[in-house]
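Structural description and commentary
Residue strings, one per chain:
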Amino acid sequence: MSVAPAGRPPASAESAAALGLAPLLTTPRARPGWLVLPARVGAMCLVELQKLRHDRTELYTRAVQPALWLLIFGETFTRIRAIPTGGVPYLDYLAPGIIAQSAMFIAIFYGIMIIWERDSGVLTKLLVTPTPRAALVTGKAFAAGVKSLMQAAVVLVLATLLGVSLTWNPLRLLGVAAAVLLASAFFSCLSMSIAGIVLTRDRLMGVGQAITMPLFFGSNALYPVDVMPDWLRVVSAVNPLSYQVDALRGLLLGTPSHLLLDFLVLLAAAAAGITAASCLLGRLAR
Amino acid sequence: MTLDPVTPDPVTTVTVTPAPLTTGTMTPGTTGTGAVPTGAVPTGAVPTGAVAPDAVSCHGLRYSFGRTRAVDGVDLTVASGEVFGLLGPNGAGKTTAIRCLTTLLPVPPGTVRVFGHDAARERMAVRRMIGYVPQQLSADSSLTGRENVALFARLFDVRRRERAERVALALEAVGLANAADRMVGTYSGGMIRRLELAQALVSAPRLLMLDEPTIGLDPIARTGVWEHITAIRAATGMTVLVTTHYMDEADQYCDRVALMHAGRVQALDTPERLKAALRDRRGDDAAPTLEDVFRDVVGGDLDASEEGGDFRDVRRTRRTASRLG
């Protein structure tokens, strides 16, 4: 696998020099195996940042929905005081949930991009680079994470503007970033896996719409698990979004949470998602 | 340029080829599969004592989508340094064949080798050696030209210290130096094709695989794309494997061509010899074109055939054409 390709015919070197192409004649050396994954993840994340730099429209339009949730739903339910939040104002309680929700909404439709890339030929070309499929999927998953992270930052600022007192401890914010990245990796891989099964944009849109609301309402993003009926508690217990929200609440508000369990579940979910999406990516390549 | 002495027609179609060129040396009139050019490799091209492996060798390649046999037993060998054309109408199996060669579709071990590396067992080694430009427009329109090329430099492990230089050179080689920092969304169809060429070049591939590189382009842009391919081949000595259904292009730019129909290679030789053989068979003086050769080889089958590409093929082609237009 790591056999170096044989040299080029020497006769061509002169003509290449004439065109000034000499540096383009040597095939780059392969990186050591353990460096391939971080290199590919870095490359994919960079592309996502470059795209965001060229066109920020999505960042702005996507801020509308979380703003409405916080402003209308949050402010109203703060007055009603119907939801037991353990002494925290409801808006504060809601803010981490909305961060998680808006990050999930971005990730869950990331598969559409994969299908677009497949139809346009971008994916075909990516699959012919020396990038193992798992590394490609991981790269895409974290690229979706970068997008979600931007979104999370926007909601964080929005919440602060609305008077929610969130932490500014850099270590805790780093933890928030990690939780958002891992959860987005899982949800984008879920989306890519579904893309690998349904293969068309329309079907993926349908499936995406069908699962986002159950994931959102079947989590502790809007209300604590304690007020849920038993069957919904089961849904919440197997829903990675709940663990993400729990971690975000613990880190941002300092409410009691289960950080270790949360991060373990998020890590396992991300790993499982990457495995599933890598296996199903082959279907998109055909 | 070294030409084999037994070549009946010494006028090759390639105009500028300072790089060593391997010309097929099959006896005139030999058509069919599995033809291997012999003896014509210039001694200067290979280190003494070493036999340069063929760029591509494929034996008994088959691939089916469900019950449709897209590729049905293809044998062919592409010599190192030549421009090889895979010709045929829509649905002939060209794209499927090229996707097998690029490791995109799984093949059984031992059927496909690229510079001696097995496409089934050494996928990563094979991918490092090829630059692939798919039929669809594969550049990302929401990035600049430079960012598009830089992404592929990163994916092929071009180190940071040489990355900027290589990216700039690749863009310059295809004449996009001035447009490098524009968004690809503003490029014309011909420019996008050339950008894709730069994306493939930045990793210094030994084998460039182009799937219908001029599909949907106007004649001027077509010529432009081919001029760049020819110049780059001349400068770097890389092997070029191209699929096309434009017979005139193949005649003009390819050293050897394989005519594909219904998943099989029906004839394989230099365009000159294929045409000469047909002229001899017909026994008249009218100079046949490569298209005449194709009709002759395939017979009445071509018009009668209903397998002129399925819906997805046609949709893909039209979509590419409309994005280019």
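What comes next concerns the included structure. (Residues numbered from 1 in each chain as written. Chains lettered and ligands numbered in written order. Predicted model: local features only at pLDDT ≥ 70, side-chain atom pairs only at ≥ 80, totals over all residues.)

Scanning chain B from terminus to terminus reveals 11 helices and 10 strands. Across the 325 residues in chain B, those meeting the buried criterion constitute 54%. Sequence separation of at least 24 residues holds for 69% of the intrachain contacts in chain B that already meet a minimum separation of 6. (Helix = DSSP H or I, 4+ residues; strand = E, 2+ residues; numbered from the N terminus. Buried ≥ 20, exposed ≤ 12 C-beta atoms within 10 Å, placed from the backbone. Contact = placed C-beta atoms within 7 Å.)

Turning our eyes to something else, we now look at the overall build of chain A. For chain A, the helix and strand inventory stands at 12 helices and zero strands. The order of helices and strands in chain A, counted from the N terminus, is α-α-α-α-α-α-α-α-α-α-α-α. Projected onto its principal axes, the C-alpha coordinates of chain A cover approximately 80 × 35 × 35 Å. Taking all 286 residues of chain A together, the buried fraction comes to 46%. For chain A, the share of sequence-separated contacts (at least 6 apart) that also reach a separation of at least 24 residues comes to 78%.

In this model, helix α2 (residues 33-54) of chain A (22 residues) spans 33 Å end to end at C-alpha, consistent with the 32 Å of a helix rising 1.5 Å per residue. When we look at burial in α2(A), the residues that qualify are A:R40, A:V41, A:A43, A:M44, A:C45, A:V47 and A:E48. Where α2(A) is buried, its residues contact α7 (133-161) of chain A together with α3 (145-155) of chain B. (Expected span 1.5 Å × (residues − 1).)

Looking now at the interface of chain B and chain A. At the junction of the two partners, chain B supplies 50 residues and chain A supplies 42 residues. Here the side of chain B that touches chain A takes six residues from helix α4 (residues 160-173) of chain B, the largest share from any one element. Grouping the amino acids of the side of chain B that touches chain A by side-chain chemistry returns 28 nonpolar, 10 polar and 12 charged. (Nonpolar A, V, L, I, M, F, W, Y, C, P; charged D, E, K, R; others polar.)

Residue and element names in this part refer to chain B. Among the six residues of strand β8 (residues 239-244), six are classified as buried, and the element is accordingly described as predominantly covered. Burial along β8 is two-sided: T239, L241 and T243 facing one way and V240, V242 and T244 facing the other are all buried. Bridge analysis of strand β3 (residues 83-87) against β8 gives five bridges, and the strand direction is parallel. From the neighbouring strand, L86 faces β8, where its bridge partner is T243. Strand direction decides the pairing type here: strand β7 (residues 207-211) and β8, joined by five bridges, are parallel. (Pairing = 2+ DSSP bridges.)

Coordinates in, geometry out; function isn't part of it.
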